[in-house]
Each structure stands twice: as structure tokens, then as C-alpha cells.
Amino acid sequence: MNDPDDTPPGGKEGWEGFREVDRAIAENRLTSYTCKKTWADPWGKLGLILFGVLFLAFLIYVIIYDGLI
């Protein structure tokens, strides 16, 4: 098997920024990479928190509305 850090011959100039993404795909950890990059971005973090709060509010509404408690 090839080392995921290998770069193709002659293609080093244009693909330097994609090395981390290429390693993530090769090691089958793209979801973890995406979550970490999203959490590091201020707008991404706000979006994840907002989604979680809205989802939790929806669950509470459904539980109260259906009378499950």
C-alpha cells in the first residue's frame, strides 16, 4: 500500500493545500476532519449550536404536545 502522504511526481505546486484532505480520505476519517474544521470556523460553530438548540426545542415541543410526560 502507498503512504497517504506521498505526492504525485511533478504535481507539488498546485495541490499543496489539499494534502490534509487527501490524507483524511485515505485514512477514512473525512467525517471527523469535516466536524473539526466546522467547529473551528466561527460561523460553522454558530450553525451547529443553533441547529442543536432548535432540534432540542423541537423534541421538547413534541414531548409536551403529545403528553408523553
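Shown above is the structure to which this text applies.
Residues numbered from 1 in each chain as written. Predicted model: local features only at pLDDT ≥ 70, side-chain atom pairs only at ≥ 80, totals over all residues. Heavy atoms only, no water.

K.L.:
How would you summarise the overall build of the chain if you had to cite specific residues and measurements?
P.N.:
Secondary structure assignment for the chain yields 3 helices and 0 strands. By element, 66% of the accessible surface of the chain is carried by carbon and sulfur atoms, the whole surface being about 6300 Å². (Helix = DSSP H or I, 4+ residues; strand = E, 2+ residues; numbered from the N terminus. Areas by Shrake-Rupley, 256 points an atom, 1.4 Å probe, with all protein chains shown as cover.)

K.L.:
Break down a nonpolar patch on the surface for me, citing the residues and quoting the values.
P.N.:
Taken together, Phe51, Phe55, Phe58, Leu59, Tyr61 and Tyr65 make up a surface patch of nonpolar side chains, about 730 Å² in accessible area. Note on placement: Tyr61 falls in helix 3 (residues 42-66). (Patch = residues over 30% accessible without salt bridge, like charges linked within 9 Å, V, L, I, M, F, W, Y side chains within 5 Å. Salt bridge = Lys/Arg side-chain N within 4 Å of Asp/Glu carboxyl O.)

K.L.:
Report on the packing of aromatic side chains, specifying residues and quantitative values.
P.N.:
Across all of its chains, the model carries 2 aromatic pairs by this definition. The interplanar angle of 15° and the centroid separation of 6.3 Å between the aromatic rings of Phe51 and Phe55 together place this pair among those described as stacked. Pair noted here: Phe51 and Phe55 are both in helix 3, with a separation of 4 residues, about one helical turn. Residue Phe51 is classed as exposed on the basis of its relative accessible area, which comes to 58%. (Phe/Tyr/Trp six-rings, centres within 6.5 Å; stacked < 30°, edge-to-face > 60°. Buried < 20%, exposed > 50% of the residue type's maximum accessible area, 1.4 Å probe, protein only.)

K.L.:
An account of the packing of helix 2 (residues 30-40) against helix 3 is requested, with residue identities and associated values reported.
P.N.:
Each pair of packed helices gets described by two things: the angle between the helix axes and the distance between those axes. Put simply, helix 2 and helix 3 touch, their axes get as near as 5 Å, and they point 105° apart. The angle between the axes of helix 2 and helix 3 places the two elements in the roughly perpendicular class. The residues of helix 3 that touch helix 2, namely those facing Thr38, Trp39 and Ala40, are Pro42, Gly44, Lys45, Leu48 and Ile49. Looking at the contact of helix 2 with helix 3 residue by residue, the class counts come to 5 nonpolar, 2 polar and 1 charged. (Axes fitted to C-alpha atoms, helices over the stretch in contact; angles between N-to-C directions. Parallel < 35°, antiparallel > 145°, perpendicular 65-115°, else oblique. Contact = heavy atoms within 4.5 Å. Nonpolar A, V, L, I, M, F, W, Y, C, P; charged D, E, K, R; others polar.)

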